[in-house]
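# Structural overview for review
Spelled out, the chains give:
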Amino acid sequence: MSAVLAEASVPKSVTAPQQVALVLLGTGVVGGAFLKLLCTPVAKRLHLVGAANSRKQQTEAAQLAARDLRERLKREGATRDDVALLSALDAHHATLKVVVDATASTELASRHADWLARGYHVVTANKSLAGGHLSGWRALQAARAAGGRYGDSATVGAGLPVLSTLRRLCDCGDSLLTLEGVFSGSLSYLFNQYDGSRPFSELLREARRLGYTEPDPRADLSGEDVARKLLILARNAGFALGSDEVVVESLVPESLRDISTETFLERLEELDGPLAALHDTARARGQVLRFLARLNQRGRARVGITEVPVTHPAARLYGTDNQFALTTTRYHTQPLVIQGPGAGPEVTAQALLGDILALG
Ligand SMILES: NC(=O)c1ccc[n+]([C@@H]2O[C@H](COP(=O)([O-])OP(=O)(O)OC[C@H]3O[C@@H](n4cnc5c(N)ncnc54)[C@H](OP(=O)(O)O)[C@@H]3O)[C@@H](O)[C@H]2O)c1
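First, a word on scope: everything that follows refers to the structure included in this document. Every residue gets a number counted from 1 within its own chain, in the order that chain's sequence is written. Local features in this predicted model are restricted to residues whose pLDDT is 70 or higher, and side-chain atom pairs enter the listing and the counts only when it is 80 or higher, whereas totals over whole chains, interfaces and linings include all residues. No hydrogens and no water enter the side-chain calculation; it runs on all heavy atoms of the structure.

Now for the site of the ligand. Residues are counted as near a molecule or strand when any one of their heavy atoms sits within 4 Å of it. Residues in contact with the ligand amount to 22 residues; listed here are only the nearest, Val29, Val30, Ser54, Thr103 and Gly344. We call two N or O atoms a polar contact when they sit within 3.5 Å, provided that within protein one can donate a hydrogen and the other can accept it, with sequence-adjacent residues counted only if both atoms are side-chain atoms. Between Gly28 and the ligand, the recorded distance is 3.1 Å, taken from a backbone N or O atom to an oxygen atom. Here Gly344 contributes a backbone N or O atom positioned 2.9 Å from an oxygen atom of the ligand. Shrake-Rupley sampling with a 1.4 Å probe provides the accessible areas, and residues are treated as covered by the protein chains on show and by no other component. Relative to its unbound accessible area of 920 Å², the ligand is 71% covered by the protein chains. Mapped by element, the contributors of at least two residues to the shell around the ligand are α2 (29-38) and α16 (345-357). Here the term charged refers only to Asp, Glu, Lys and Arg, the term nonpolar to Ala, Val, Leu, Ile, Met, Phe, Trp, Tyr, Cys and Pro, and the term polar to all other amino acids, Gly among them. Tallied by class, residues from the shell around the ligand come to 10 nonpolar, 10 polar and 2 charged. Helix numbers and strand numbers start at the N terminus; a helix is a DSSP run of H or I with at least 4 residues, a strand a run of E with at least 2.

Structure follows, in structure tokens:
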């Protein structure tokens, strides 16, 4: 092929990827893994111009480039102030300006829609807005309709391609009929292991030691986090559910709810009796226990412990796997099933990175 022809075959409309300026809110487990990804070659067009934990923040280039930025932020830096972080974004020459939320702060999440309206993009692992009150979800939809881009892959399934698949189906005119699955890595681990041979409390202590649960495991056992994920999926599929419309069956008995984390951890054995009884009943019927999230065709949403046959897809999960079974108008004979590791800092941080790179 001649040089002239080869040149002519290159499409003229190909544009170079855009430079991206970003601020990172949250330098914990996920934020820390994200900072590591920023040092890899795939992130070379991303420019960190600010980073913050709950008390301190940094916008100085030399400090932001320090390998021990997370540790430094624990000791030094300016006092938290969103205005200064957004000013750092404004001052940068990059065409794309992104706020990355790697916190679980409801207060920060309540600002996402405002940031979008002001022209920033938001990429988040924080479920509190999309999985919170319906008014917040509606404000988010309005900001998106006005052009704001919201990267939310990390909010469900720690980056498994669940939300993107669901939205793609809906964009093609498909409709979600029912949704069922295991949406929590820690609860998946606990019930995949729980066969009656060891007390539930022992497994829970082990899961906590391995870092699979929150420091206070009631955050997992309450089912609230699973409920938020179910709300996010249902809302993205067009079910305008209020947060009070999800029936959540907590694994934490009333008597263990209003006590300190320390006392709760000392009294874990109180979980054993009721769970052993449920397990024995299930086993007598040839079933196993799983913590399932379910949305039915009438938009009824429920999160809680459920008996399932040993042949059920959720009975065949490993480790901290998540599973999402989507029955739709077009996937109606067998559901479309998405399954895989649904927790972990590296995959969650990768989901954040993927959403940023997809901006342009
Ligand atoms: N861990 C996972 O595998 C995983 C998977 C999927 C999604 N997620 C989601 O990712 C988010 C982060 O999880 P994580 O495990 O990284 O939590 P984490 O280790 O507790 O870290 C949370 C971070 O947020 C910071 N923070 C809290 N309020 C803030 C504020 N107002 N401004 C700036 N920073 C603030 C905390 O600051 P301090 O250090 O000062 O407390 C901390 O650095 C959560 O929404 C979680 O549900 C986590």
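This part is about the pattern of salt bridges. Pairs can form between side chains of opposite charge once their charged atoms are near each other. Any carboxyl oxygen of Asp or Glu that lies within 4 Å of a side-chain nitrogen of Lys or Arg is treated as forming a salt bridge with it. Tallying each qualifying case throughout the model produces 19 salt bridges. Taking the shortest distance from any N to any O, the salt bridge between Arg218 and Asp216 comes out at 2.7 Å. You'll find Arg218 and Asp216 in the same group, each marked buried. Sharing partners across several salt bridges, the network here consists of Arg80, Asp82, Glu107 and Arg111. The buried label goes to any residue with under 20% of its type's maximum accessible area, the exposed label to any with over 50%, and the partly exposed label to all in between, with areas taken from a 1.4 Å probe on protein chains only.

Here is the rule: rings of Phe, Tyr and Trp (six-membered ring for Trp) pair when centre to centre is within 6.5 Å. Planes less than 30 degrees apart are stacked, more than 60 are edge-to-face, and the remainder are tilted. Counted according to the given criterion, the structure contains 5 aromatic pairs. Between Phe183 and Phe324, the aromatic rings sit 4.7 Å apart at their centres with planes inclined by 25°, giving stacked as the arrangement. Of the two residues, Phe183 sits in the loop between β8 (176-182) and α10 (185-193) while Phe324 sits in strand β12 (residues 321-328), which places them 141 residues apart along the sequence. According to the relative accessible area criterion, Phe183 is buried, its value standing at 1%. Their ring planes at 80° and their centres at 6.4 Å tell us that Phe191 and Tyr194 sit as a pair that is edge-to-face. According to the relative accessible area criterion, Phe191 is buried, its value standing at 1%.

Pairing in this open sheet of 7 strands is mixed, and the strands run β4-β3-β2-β1-β5-β6-β7 from one edge to the other. Two strands in the sheet have a free side with no partner beyond their single neighbour: β4 (78-79) and β7 (150-151). A pair of strands counts as paired when DSSP detects no fewer than two bridges linking them. For strand β1 (residues 20-25) and strand β5 (residues 96-101), the ladder comprises 6 bridges, and the chain directions are parallel. Looking at β5, one finds that Val20 is bridged to Leu96. Its contacts with the sheet put α2 on β1, β2 (46-52) and β5, and the angle it makes with β1 is roughly 155°. The criterion used for residue contact is that any of the two residues' heavy atoms lie within 4.5 Å. Axis angles are defined between N-to-C directions and span 0 to 180 degrees, where every axis is a line fitted to C-alpha atoms and, for a helix, only to the segment in contact.

Now for the packing of α2 against α16. Where α2 contacts α16, the two axes come as close as 8 Å, and the packing angle between them is 60°. Here α2 is positioned oblique relative to α16, judged by the angle of their axes. Here α2 and α16 pass one another in a crossing that is right-handed. For the pair formed by α2 and α16, the contact residues are Val29, Val30, Ala33, Phe34 and Leu37 on the first element and Pro345, Glu346, Thr348, Ala349, Gln350, Leu352, Leu353 and Ile356 on the second. For classification purposes, angles smaller than 35 degrees are called roughly parallel, those larger than 145 roughly antiparallel, those between 65 and 115 roughly perpendicular, and all remaining angles oblique. Note on convention: the crossing is left-handed when the near helix lies turned anticlockwise from the far helix by less than a right angle, right-handed when the turn is clockwise.

Next up on the list: the layout of surface pockets. Any empty space left between atoms is shown by rolling a water-sized probe over those atoms. What the second largest pocket holds in volume is close to 420 Å³. The set of elements that each furnish at least two residues to the lining of the second largest pocket consists of α2, β2, α3 (61-64) and α4 (69-75). Sorting elements by how many residues they give to the lining of the second largest pocket places α2 first, with 4 residues. Taken together, the residues that form the lining of the second largest pocket break down as 10 nonpolar, 1 polar and 4 charged. Any residue with an atom within 4 Å of a point lines the site, the site being either a cavity, points on a 1 Å grid over the protein atoms alone where a 1.4 Å probe fits but cannot get out, or a pocket, an open set with protein on both sides within 12 Å along at least 5 of 7 lines. Grid points are joined across faces, edges and corners, and a volume is the space filled by probe spheres set on the points.

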